[in-house]
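Structure assessment
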Amino acid sequence: MQVAARRRPFPAAAPGSPQPAGPLYPGRHGAVKNEDTFKTSPFHFDLWFYFTLQNWVLDFGRPIAMIILPLEWFPLNKPSAGDYFHMAYNVITPFLLLKLIERSPKTLPRSMVYVSIIMFVMGASIHLVGDSVNHRLIFSGYQHHLSVRENPIIKNLKPETLIDSFELLYYYDEYLGHSMWYIPFFLILFIYFTGCFTPVAEESRMPVPALLLMGPSSLYYWYLVTEGQIFILYIFTFFAMMALVMHQKRKGLVLDSNGLFLFYSFIVTLVLIAVWVVWLWNDKILRKKYPGVIYIPEPWAFYTLHMNNLHAAKESL
């Protein structure tokens, strides 16, 4: 006959010693939640520097590299230098975003982060194909400041159903690709931002490296918002950040150095967008392409309308 094993009671704590808290040793006020503990997170200069550098080189620099490098090196029926830049961007950026999430002092929803990363890669890959063809059309006379059907090289296509195909390509590039790319991107930044709060007021200041990176970072976000035509997404993200800051302030929490860097970068971006819109406010041609209440021209549309014509005039002299 088996004798039931007797459970040994946990040893009692010594008199006067603090009683450990946890599921086995419940404290006087219960287990301590992760949300109630705060850790100091230093400024991630390495990640923000790599993030800003690869954004400028691999995203902003890809169409420039395609235009500058000789066409003989990258024929029109082969991937261009900008396409290889885009491929590298699609691999490096998700990795940096994951490393940024890992360094958050707060435990963040992993499932949402992983799903966002997957959608980000899918959207950026869709954009890679559409953007590659659209930028290649520049060499054939395509003008980005005009709609697809208004472009001279598209009007003469036969049969006319080919125009529908180019509009579908434009939809994948400018709408579906951008949505699946930028919505997860800003969502991940906001998720990270939710963990950038501390009760220590001395930690709420930016070091000198953060101030140096804020300019290039803000300028890139300006390019991202204007070229991607995602002002609504950007402004809603910014408003959500402001609401979170005010909500946490009532609890006595302030932004740490990483949160301040991200928040101030968004503020400077908003100023740059306002200056950009005021500068091109009376441009009748761009007004025609970007009708409606929200008027934010794309930098590449401005280039093909003004700068490209200026270069052509100089070459004819």
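Owing to the predicted nature of the structure, the values given are computational and were not obtained by experimental measurement. (Residues numbered from 1 in each chain as written. Predicted model: local features only at pLDDT ≥ 70, side-chain atom pairs only at ≥ 80, totals over all residues. Heavy atoms only, no water.)

**Remarks on the overall build of the chain**
Stated precisely, the cut-off is as follows: What counts as a helix is a DSSP run of H or I of at least four residues, what counts as a strand is a run of E of at least two, and both are numbered from the N terminus. Burial classification: accessible surface area is computed with a 1.4 Å probe over protein chains only, and a residue below 20% of its type maximum counts as buried, one above 50% as exposed, and the rest as partly exposed. A contact between two residues is defined here by any heavy atoms of the two lying within 4.5 Å. What sets the accessible areas is the Shrake-Rupley method with a 1.4 Å probe; for residues, cover comes only from the shown protein chains.
Check the secondary structure of the chain and you find 10 helices and two strands. Reading the helices (α) and strands (β) of the chain from amino to carboxyl end gives α-α-α-α-α-β-α-α-β-α-α-α. Counting the 317 residues in the chain, one finds 42% classified as buried. Of the contacts formed within the chain by residues at least 6 apart in sequence, a portion of 76% connects residues at least 24 apart. Accessible surface computed for the chain: about 18400 Å², of which carbon and sulfur atoms make up 66%.

**Here we look at the confidence of the model for the chain**
What counts is decided by this rule: A residue's pLDDT is simply how confident the predictor is in it, with values from 0 to 100.
The share of residues in the chain with pLDDT of 70 or more is 84%, and the mean pLDDT across the chain is 83. Scored below 50 in pLDDT, residues 1–10 makes one contact in the model with residues more than four places away or belonging to other chains. pLDDT under 50 marks residues 310–317. Its contacts with residues more than four places away, or in other chains, come to one contact.

**A short note on the packing of aromatic side chains**
Each pair of aromatic rings is reported with the distance of its centres and the angle of its planes. Heads up, the condition is: In this scheme Phe, Tyr and Trp rings, the latter by its six-membered ring, pair at centre separations within 6.5 Å, and the angle between planes marks the pair as stacked below 30 degrees, edge-to-face above 60, and tilted otherwise.
With the rule as written, the count across this model stands at 35 aromatic pairs. Ring centres of Tyr89 and Trp181 lie 5.6 Å apart, and the angle between their planes is 65°; on these two criteria the pair is classed as edge-to-face. Here Tyr89, found in helix H2 (residues 81–102), pairs with Trp181, found in helix H5 (residues 161–193); they are 92 residues apart in sequence, far enough to count as distant. With respect to class, Tyr89 is no different from Trp181; both count as buried. When the ring of Tyr234 is compared with that of Phe238, the centres are 6.4 Å apart and the planes differ by 10°; the resulting orientation is stacked.

**Things to note about the layout of surface pockets**
Selection rule: Within this scheme a cavity is a closed region of a 1 Å grid, computed over the protein atoms alone, that accommodates a 1.4 Å probe without allowing it to escape, whereas a pocket is open but has protein on both sides within 12 Å along at least five of seven lines; lining residues each have an atom within 4 Å of a point. Grid points are joined across faces, edges and corners, and a volume is the space filled by probe spheres set on the points. Three classes are used: nonpolar for Ala, Val, Leu, Ile, Met, Phe, Trp, Tyr, Cys and Pro, charged for Asp, Glu, Lys and Arg, and polar for all others, with Gly counted as polar. Residue ranges assigned to the domains are those given by an automatic or database domain assignment.
Here the largest pocket defines a volume of roughly 640 Å³. Forming the boundary of the largest pocket are 27 residues, of which Tyr170, Tyr175, Gln229, Tyr290 and Glu298 lie nearest the centre. Only H5, helix H6 (208–228), helix H7 (231–250) and helix H9 (284–289) provide two or more residues apiece to the lining of the largest pocket. Residues that form the lining of the largest pocket fall into these classes: 16 nonpolar, six polar and five charged. Taken together, domain 1 (42–195) and domain 2 (200–299) each give at least three residues to the lining of the largest pocket, which thus spans both.

**Section: the UniProt feature "transmembrane region" (unreviewed entry) in the chain**
Just so we agree on the cut-off: UniProt positions are given in the numbering used here, feature names are shortened, and annotations may be inferred rather than shown by experiment.
In the numbering used here, UniProt assigns the feature "transmembrane region" (unreviewed entry) to residues 47–69, 84–101, 113–130, 181–201, 230–247 and 259–281. Between the C-alpha atoms that bound residues 47–69 the distance is 30 Å, and the span itself is 96% helix and 0% strand. From the first C-alpha to the last, residues 230–247 spans 26 Å; its make-up is 94% helix and 0% strand.

**Here we look at the nonpolar core**
Rules: The nonpolar core is taken to be a set of buried Ala, Val, Leu, Ile, Met, Phe, Trp, Tyr and Cys residues, with the residues joined through side-chain atoms within 4.5 Å.
Within the largest apolar cluster, 62 residues are counted, with the highest numbers of intra-cluster contacts made by Trp48, Phe185, Tyr221 and Phe266. Secondary-structure elements contributing two or more residues to this core are helix H1 (45–68), H2, helix H3 (110–136), H5, H6, H7, helix H8 (257–279) and helix H10 (299–316). Both domain 1 (42–195) and domain 2 (200–299) contribute no fewer than three residues apiece to this core. Among residues more than four places away in sequence, those in contact with Phe185 are Phe51, Leu97, Phe120, Tyr221 and Leu224. One finds Leu137, Val148, Ile154 and Ile163 within the second-largest nonpolar core, a separate group that totals six residues.

**Points about unusual backbone geometry**
Between Lys158 and the following residue, Pro159, the backbone shows a cis peptide bond with an omega angle of -5°. Within the secondary structure layout, Pro159 lies in the loop between helix H4 (152–155) and H5. We note that Gln229 has phi near 55°; this positive angle belongs to a residue other than glycine. Inspection of the secondary structure puts Gln229 in the loop between H6 and H7.

**Topic: the packing of H2 against H3**
When two helices pack together, their arrangement is given by the angle between the helix axes and the distance between those axes. Selection rule: What counts as an axis is a line fitted to C-alpha atoms, over the stretch in contact for a helix, and the angles between N-to-C directions run from 0 to 180 degrees. In this scheme, roughly parallel covers angles under 35 degrees and roughly antiparallel covers those over 145, while 65 to 115 is roughly perpendicular and the rest are oblique. Helix crossings fall into two classes, left-handed where the near helix is turned counterclockwise from the far one by less than a right angle and right-handed where it is turned clockwise.
Where H2 contacts H3, the axes come no closer than 10 Å and their chain directions differ by 165°. Taken as axis vectors, H2 and H3 run roughly antiparallel relative to one another. Note that H2 runs across H3; the crossing there is right-handed. From H2, Asp83, His86, Met87, Tyr89, Asn90, Thr93, Pro94, Leu97, Leu98, Ile101 and Glu102 reach across to H3, where they touch Arg110, Val113, Tyr114, Ile117, Phe120, Val121, Ala124, Ser125, His127, Leu128 and Ser132.

**Some remarks on empty space enclosed by the protein**
Under the criterion given, the structure shown has four cavities of 30 Å³ or more. By volume, the largest cavity is sized at about 180 Å³. At the level of elements, H1, H3, H5 and H6 are the ones that each hand at least two residues to the lining of the largest cavity. With six residues, the single largest contributor to the lining of the largest cavity is H5. Each residue belonging to the lining of the largest cavity can be placed in one class, and the counts come to six nonpolar, six polar and eight charged. In terms of domain composition, the lining of the largest cavity takes at least three residues from each of domain 1 (42–195) and domain 2 (200–299).

**Some thoughts on a nonpolar patch on the surface**
Test applied: Surface patches are drawn from residues lacking salt bridges whose relative accessible area is over 30%; two like charges belong together within 9 Å, two nonpolar side chains (Val, Leu, Ile, Met, Phe, Trp, Tyr) within 5 Å. Put simply, a salt bridge is a Lys or Arg side-chain nitrogen that is within 4 Å of an Asp or Glu carboxyl oxygen.
Judged by side-chain polarity, Phe45, Phe49, Tyr50, Leu53 and Val57 come together as a nonpolar surface patch covering roughly 450 Å² of accessible area. Its place among the elements puts Tyr50 in helix H1.

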